[in-house]
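What follows is the residue order along each chain.
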Amino acid sequence: LVKVADLPQQRKRRIKTVGRASDNEPTVQTSTRFETIGVSEPSAKPIVAEAADGPTGSRALIAAFTLASFLGAGLLFSVQPMVAKMLLPLLGGSPAVWNTAMVFFQVTLLAGYAYAHFAVTRLNPRIHRYVQVALIAAPLLVLPIAVPAGWLAPTSATPIGWVLLVLLLMVGAPFFALATLSPTLQRWLADSDHPAAANPYFLYSAGNAGSLLSLLAYPLILEPTLNLETQAGLWMAGYVVLVGILTATAMLSRGRRAAQQAKLAIRAQPASWKRRGFWGYAAFVPSALMLAVTRHISTDVASLPLLWVVPLAIYLLTFVIAFRSEPTTEVRISAAALRFGVVPLVLVFGSLQPAWILLSLPLVVFAAAALMAHGRLMLSRPAPSGLTEFYLWISIGGAAGGVFAALIAPVVFDRILEYPIAIALALTLLPVRTITSRRLRGLSVVVVAVAMVAGLARTSGNTDVALLAMAAAAIMGYGLLRRTRSFTLIVAVLLVGLLLGQSGTLASERTFFGVHRVFEQEDDVHVLVSGTTVHGVQRLGAQPLLAFGYYHPEGPVGQALTELQTRGPTNVAVIGLGAGTLAAYARPGDSYTFYEIDQAVVDIARDPSLFTYVSAAEGALQFVVGDGRIMLGRSTDSYDAVIVDAFSSDAIPTHLITKEALGVYLDHLRPEGVILVHISNRHLDLEPVLGRLAQELGLSSRSRAHTPSEVSRTEGASASTWVALGRTEPALGSLAADEGWNRPRTDAPVWTDSFTSLLGVFRWG
């Protein structure tokens, strides 16, 4: 044995890193890395090292470790969108399904990391290998993954507990087992006498690369080509392969652990609580921001695996980049990108923009924030002997961020405030940038004042003044406020002014299924919105009772219902209530049954101080709370018309327009009845989907895209697109011969409950 001090000096090198591990405000510091024994931080105290006389490891060992990490992480993350998609039809296609599922996955990941930390520090190394292999193999008894038979979602406003319980039964065992794998493999390698033991963190990067590839493969390859049953079978096959690889890895590494870990040549000092707190906080922020940005973009585009996967893939990619080497440059660049990107993000927040802006700008800002946070985590990592505790604190922070964004925020806030809060928290991780001029520092007061003007202007409805004030504040804020705290303050004030300065709000409620807000415009016009999409408009006091918005008598649905009324009293099922506008068509003798998944929407529609369509209706009205397709399927009634209009903001519940869904509607449709589907959407072209389904089922179909006339526009009419389907041409009545109603396109695959793909119908402009 030789002392570390006696090692050749060329084995040492000086490096510069950004960030004190124990401080939120990073500075430049210098540390010494001893590459021969794996010292990665000043706090690790080298003691003695065995003279290396050649590596005892092999390429096979590293290949086994890398492959096990890659495949295990790939399985861990590919199962997430698959399982969430299985649950979507049971919960109305709500965007909250994914966020709730992510909380389950993060908490289960935390449990797996906690077990791994306990096992590698408390169990005998030889016994631990056998236990780990058995732990990974045991879930084979409960595979393949499927929704428990007979489980139906409750009709409560917040079915979070039900979702978590079902996930536990579906995927709890295999997910927990996979969660233990990454830190365990890294610790096995660190405790071996292989030269790579000095820096086992590369396995974490390899694992995240596997996660990233599997996540991208799901919406781009697996979802468009395979149904859910085949996906579950393929996942099970991959799991069987993993069990074999892990068994081989355990055998190859058996006996390579040195007694009492002497060959590690390191005894790391315990991390301080301040440092542990930094690890947790730096993991909390990107986790909360990931779920917040996912909810933000999926609410106004669509709740689908593609939009779930992209933020999670970015999250993992930043881990891959940050953990592959010393990310000093990455932290500096991502911090600058965050400063530049957050300002335009605030300027367009909550506005109507093309899909590519709504998607790209939030994702770019999120990527910069996540890379900066994860880079700082990597720069503050401990020596290999402390890696399981390091990952445990990362997992604690990640789970806490998920709980905040998915469970606490929906209860505490009546709108999606967790998104701007997460943005502001990300700015607190910016590296310190100071200016010495007192005059420039004093301008921070001016900048904050301008930001307040922007907020007040937004509150008063003066959009032009608000935008100019925000732009001026943003320019000065970036150019003059170099300190992290000052820059964070200016952005936070801008966000608060934008989100809380919404004038004329009459009611606002947030549930598991969305954020619903009723506000008043000029001339006593009340508007119901979800996200940025209008779900009902009424000018109170208008006589006679007139359907506004998409449901104006001049529009497609008005024409279709007028056609039905010529046949006598009508019995109509409506999936989706909104403001209850369609109740205006209910005449004496008619019966309208509204199937609405959210009780809060029912309460809004029945409140005559907000809307009077329901309270003033002349026909008989019924309200059934629950997923429209499921509750209609339980009904014994038959209808002259089934109207499907159940979109949450612009996000579509795809399970309402599949082959099986149309089968449910047809089962409750009278022979001469008609199905009407509202497909107005800023981002998705759903006409070919309905046309292809009609072709597949042998139905007659027509579609109409309506642009209101000047007269009807003054009466509150809005442009809308509808598709009508019937068993025969006569069932469509005059619609079949009307030149305004065309045969829908059919250039789309057949959507089923186990196969839907939105890539082919997405509008990017």
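Data block above holds the structure.
Residues numbered from 1 in each chain as written. Predicted model: local features only at pLDDT ≥ 70, side-chain atom pairs only at ≥ 80, totals over all residues. Heavy atoms only, no water.

On inspection of all chains with the given rule, the structure shows 13 salt bridges. Here Arg567 and Glu563 are joined by a salt bridge, their closest N and O atoms 3.6 Å apart. Accessibility expressed as a relative area gives 40% for Arg567, which makes it partly exposed. Of the charged contacts in the structure, one is a salt bridge between Arg702 and Glu729, with a shortest N-O distance of 2.7 Å. One end of the pair, Arg702, is in strand 16 (residues 700-706); the other, Glu729, is in helix 23 (residues 729-732), and 27 residues separate them in sequence. (Salt bridge = Lys/Arg side-chain N within 4 Å of Asp/Glu carboxyl O. Buried < 20%, exposed > 50% of the residue type's maximum accessible area, 1.4 Å probe, protein only. Helix = DSSP H or I, 4+ residues; strand = E, 2+ residues; numbered from the N terminus.)

Let us look at the side chain of Ser69. Of note, Ser69 is situated in helix 1 (residues 59-87). Ser69 sits in the buried class, given a relative accessible area of 8%. The residues touching Ser69, leaving out its near neighbours within four places in the chain, are Leu185, Leu203 and Gly207. (Contact = heavy atoms within 4.5 Å.)

A few words now on the environment of Val107. Position of Val107 among the secondary structure elements: in helix 2 (residues 96-122). In the structure, Val107 is positioned 295 residues away from Gly402 in sequence and 8.5 Å away in space, judged by C-alpha atoms. With near-sequence residues (within four places) excluded, Val107 lies in contact with Ala399 and Val403.

What follows concerns the packing of helix 5 (residues 181-190) against helix 6 (residues 202-225). Interaxial distance between helix 5 and helix 6 falls to 9 Å at its minimum, and their mutual angle equals 150°. The two elements helix 5 and helix 6 meet at a crossing, and its hand is right-handed. When helix 5 is examined against helix 6, the residues Ser182, Leu185, Gln186 and Leu189 are found in contact with a partner set consisting of Phe202, Leu203 and Tyr204. When grouped by side-chain class, the residues that make up the contact of helix 5 with helix 6 number five nonpolar, two polar and no charged. (Axes fitted to C-alpha atoms, helices over the stretch in contact; angles between N-to-C directions. Left-handed = near helix turned anticlockwise from the far one by under 90°. Nonpolar A, V, L, I, M, F, W, Y, C, P; charged D, E, K, R; others polar.)

Tallied over the entire structure, the rule returns 16 aromatic pairs. Plain terms: the ring middles of Tyr315 and Phe319 are 5.4 Å apart, the flat faces sit at 90° to each other, and that makes the pair edge-to-face. With Tyr315 and Phe319 both in helix 9 (residues 305-323) and four residues apart, the pair spans about one turn of that helix. Like Phe319, Tyr315 is buried. With centroids separated by 5.8 Å and ring planes inclined at 20°, the aromatic side chains of Phe594 and Phe623 adopt a geometry described as stacked. (Phe/Tyr/Trp six-rings, centres within 6.5 Å; stacked < 30°, edge-to-face > 60°.)

This brings us to a nonpolar patch on the surface. Residues Leu67, Phe70 and Leu213 make up a contiguous nonpolar surface patch of roughly 270 Å² in combined accessible area. Secondary-structure assignment places Leu67 in helix 1. With relative accessibility at 44%, the residue Leu67 sits in the partly exposed group. (Patch = residues over 30% accessible without salt bridge, like charges linked within 9 Å, V, L, I, M, F, W, Y side chains within 5 Å. Areas by Shrake-Rupley, 256 points an atom, 1.4 Å probe, with all protein chains shown as cover.)

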